[in-house]
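# Structural overview for review
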Amino acid sequence: MSGATTLPSSVAGPPAAARAGHAAGGRRQKPLKIAAFHAILIFASVVAAFPIIRVLGVALRPNDRLLDPNFSLIPPDATLDAFVHVLTETDFTRWIFNSLLVASGTALLGLIIAATSAYAFSRFRFRGRGVGLTFLLTTQLLPAAMLLVPLYIIAVTIGRETPIELMGTYTGLVFGYSVTTVPFSVWILKGYYDTVPIELEEAARIDGCSQLEAFWRVVLPLSTPALAIVFLFNFLTAWSEYFLARVLVSQANDLWTWPLGLQTFQQEFTTQWADLCAASILVSVPIVALFLYSSRWLISGVTLGAVKG
Amino acid sequence: MDPGKAGDAIVEVAVALAFIAIGVAFLEAILYVLLVRVLRTRLAVPLMLVAPAIVGLLLLNAAPIAWEFYLSLTNMSLKHFKPADVDLIGLDNFVRVFTKPVLKQVGFYQLFGQTLLWTSVNVTLHVLGGLALALTLHRRLRFKGVYRAIIILPWAVPQIVALFIWRTEYNFEYGVVNQLLELVGVAPIKWLTDPLWNFAAMIVANVWLGIPFMMVIILGGLQSISDEYYEAAQMDGASSRQSFRYITWPLLQPVLTPAIILGVIWTFNNINVSFFINQNEMETSDILVTALFRAAFQYNQYGFAAAFAFVIFAILLIFTVFYVWRTQALKGAYE
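I will try to describe carefully the structure that is included in this document. Predicted model, so just to flag it, every value in this text is computed and none were measured.

What counts as what
Residues numbered from 1 in each chain as written. Chains lettered and ligands numbered in written order. Predicted model: local features only at pLDDT ≥ 70, side-chain atom pairs only at ≥ 80, totals over all residues. Heavy atoms only, no water. Helix = DSSP H or I, 4+ residues; strand = E, 2+ residues; numbered from the N terminus. Contact = heavy atoms within 4.5 Å. Buried area = accessible area lost by both parts, 1.4 Å probe. Salt bridge = Lys/Arg side-chain N within 4 Å of Asp/Glu carboxyl O. Polar contact = N/O pair within 3.5 Å; in protein donor to acceptor, adjacent residues only side chain to side chain. Buried < 20%, exposed > 50% of the residue type's maximum accessible area, 1.4 Å probe, protein only. Patch = residues over 30% accessible without salt bridge, like charges linked within 9 Å, V, L, I, M, F, W, Y side chains within 5 Å. Areas by Shrake-Rupley, 256 points an atom, 1.4 Å probe, with all protein chains shown as cover. Core = buried A, V, L, I, M, F, W, Y, C linked by side-chain atoms within 4.5 Å.

Tallying secondary structure elements over chain A gives twelve helices and zero strands in all. Its helices and strands in sequence order give chain A the pattern α-α-α-α-α-α-α-α-α-α-α-α, from N to C terminus. Partitioning the intrachain contacts of chain A with sequence separation of at least 6 by distance along the chain shows that 73% fall at a separation of at least 24.

Structure representation (structure tokens):
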């Protein structure tokens, strides 16, 4: 959030290979120095990757050797039993389905509401604009736990007084997540629209477009990358959220998202240790792949606005 | 899973989204008639564009916040849940935040101290670690992309997954942390039951989680600094320490300042780490936001928790306003 909009735009751009480091600029580097750099980076890589590699190692172990103090990456008697067990004997696929559904709904809703209003915040000067922008930023400061209480009580009250059911439903979760994703989406998209040159719209209007047509035909297509970032951010926010899901749907096992489900595996070094590791890998691999693939754009998004960590 | 149930679930979400679409169309139709046909105002276009967000923000954000403020003035709890049992009790809840224990034992000031310690230690280590790695990576180096991709992993893995794993690995007997310590001849540590070590465990896990973000942001900042500055400094005979002090550090500020503000807010509000490493057991490992969750959903003191939430929010707001005002970090956004 806070004002990252002042970042130089080159932060977002792909690093220019030509500028890969001033230190290498003029003088030649001493081999000893280079070796030291590699040592630092190898150490950091080991620290970063070790817990993850270890999880893979545990997930591949047979059930009777889970507690061995053994650090090998792939155990000699590796087996996929844990993966098979998680996929066939537990509700794992159901949890993944629920998370996918809720996260997609949330991402879509945030995008629909934000796409047009962000344009208004970017292009028009109207009374209340400053207040609106400040409000959008302030919502990013709210601790996640803060809105849980009113959301919970509002959901209970609406369920009691009206036929709309928000407790124990997908709809409740989608609305609940939209509380954080909508303001964030507006903020990011506004920042992006600001960078689209206004001359392009003026040209379209000279050609006979109305302002709305210019938005629809010129600005929106040019903003596809930003729309994709916002969709992805909203998706990831809802995808790995735990607390609101716990408050709204923990009573309804059918609706559990994967964070709720995986928690049931966490009974410390019983046989479920392998289940937890296997499920963790299944949940993480697509996300990590997506993240590494899109990290450049994601980072430009983070610096334009913010998500809650 | 059962395809029929899956179908029902998709229909439920689709219907909810369709209702919203219909609502938006209805709203726009009314606005069109009102603004274009009746009032003939020039502001019709922006108002119609911004209307869905305004209605959405009012319903999704403003209403819950207003409702929470009302709650903070009541004695609502699990005992007093039905509307008939809920009484207005004025500012009692706010007084209670500062005068009585927030949870069973610990009070506001201890939690605040723990949160300050938590936030400052974490953000400092994130920035130092991120800076060191970014400076090391920012040069022509073999395997640069590989290092970067590996070091980014802790940020890429879903945080909750990482914390499930860390929690399990902190196990006294079977966890890998103590096993590794044993290899280098250090006695095993009670990461999960000793208050001090548990707090340390939280920090270790969160430093691991947070360094990649800072590294990536700082690396982006380094790349935006033109080589010409360094070439000029080199010609003038500046040492590498001098060029860091007088070129890199000042030119990094536009990137570093917002990243630090973000880091502070995220760390201050990070409910995940304490909640999952400590599993809601020791109050000494709570920070303000986890204490808030506990007050609300473990002790079910809804009214009190609402007041507590406003106090926490106020602390964060004061910090942010002060920092943003001092650093002018937001100047561009309102223009």
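Right, let's talk about the interface of chain A and chain B for a bit. Tallying the contact residues gives 124 residues for chain A and 115 residues for chain B. Approximately 10900 Å² of surface area, both sides summed, lies buried where chain A meets chain B, with 75% of it carried by carbon and sulfur atoms. Counting the contacts that link chain A with chain B gives two salt bridges. Between glutamate 169 of chain B and arginine 54 of chain A there is a salt bridge, with the nearest N and O atoms lying 2.6 Å from each other. Linking chain A to chain B there are eight residue pairs in polar contact (both at pLDDT 80 or more). Among the elements of the structure, helix H1 (31–59), helix H3 (92–123), helix H4 (129–139), helix H5 (148–161), helix H6 (170–195), helix H10 (243–249), helix H11 (258–263) and helix H12 (272–304) of chain A are those that each provide at least two residues to the side of chain A that touches chain B. By residue number, the principal contributor to the side of chain A that touches chain B is H1 of chain A, which donates 16 residues.

Next up on the list: the pattern of salt bridges. Pairing between side chains of opposite charge can happen when their charged atoms approach one another. All names here are of chain A. Within the structure shown, the criterion is met by seven salt bridges over all chains. Across the pair arginine 160 and glutamate 161 runs a salt bridge, and its minimum N-O distance is 3.8 Å. With its nearest N and O atoms 2.9 Å apart, the salt bridge here joins aspartate 194 to lysine 190. Note that aspartate 194 and lysine 190 are positioned in helix H6 at a spacing of four residues, about one turn of the helix. Looking at lysine 190, the relative accessible area reads 2%, which means it is buried.

The next subject is a nonpolar patch on the surface. On the surface, a nonpolar cluster with roughly 460 Å² of combined accessible area is contributed by Tyr32, Val33, Leu34, Val38 and Leu39 of chain B. Structurally, the position occupied by leucine 34 of chain B is in helix H1 (residues 3–39).

Counting residues in hydrophobic clusters, the biggest one holds 202 residues, and the most contacted among them are Tyr193 and Leu262 of chain A together with Phe308 of chain B. When neighbours within four sequence positions are excluded, phenylalanine 308 of chain B is seen to be in contact with Val97, Val102, Phe108, Leu111, Leu288, Ala291 and Leu292 of chain B. Listed in part, the five residues of the second largest apolar core include Leu35, Ala44, Met48 and Ala51 of chain B.

As a further point, take the environment of threonine 320 of chain B. Here threonine 320 of chain B shows up in helix H14 (residues 302–327). For the pair threonine 320 of chain B and isoleucine 265 of chain B, spaced 55 residues apart in sequence, the C-alpha separation works out to 8.2 Å.

Residue and element names in this part refer to chain A. Take alanine 59: it is sitting in helix H1. Classification of alanine 59 as buried rests on a relative accessible area of 0%. Setting aside chain neighbours within four positions, we find alanine 59 in contact with Thr79, Ala82, Phe83, Ala274, Cys277, Ala278 and Ile281.

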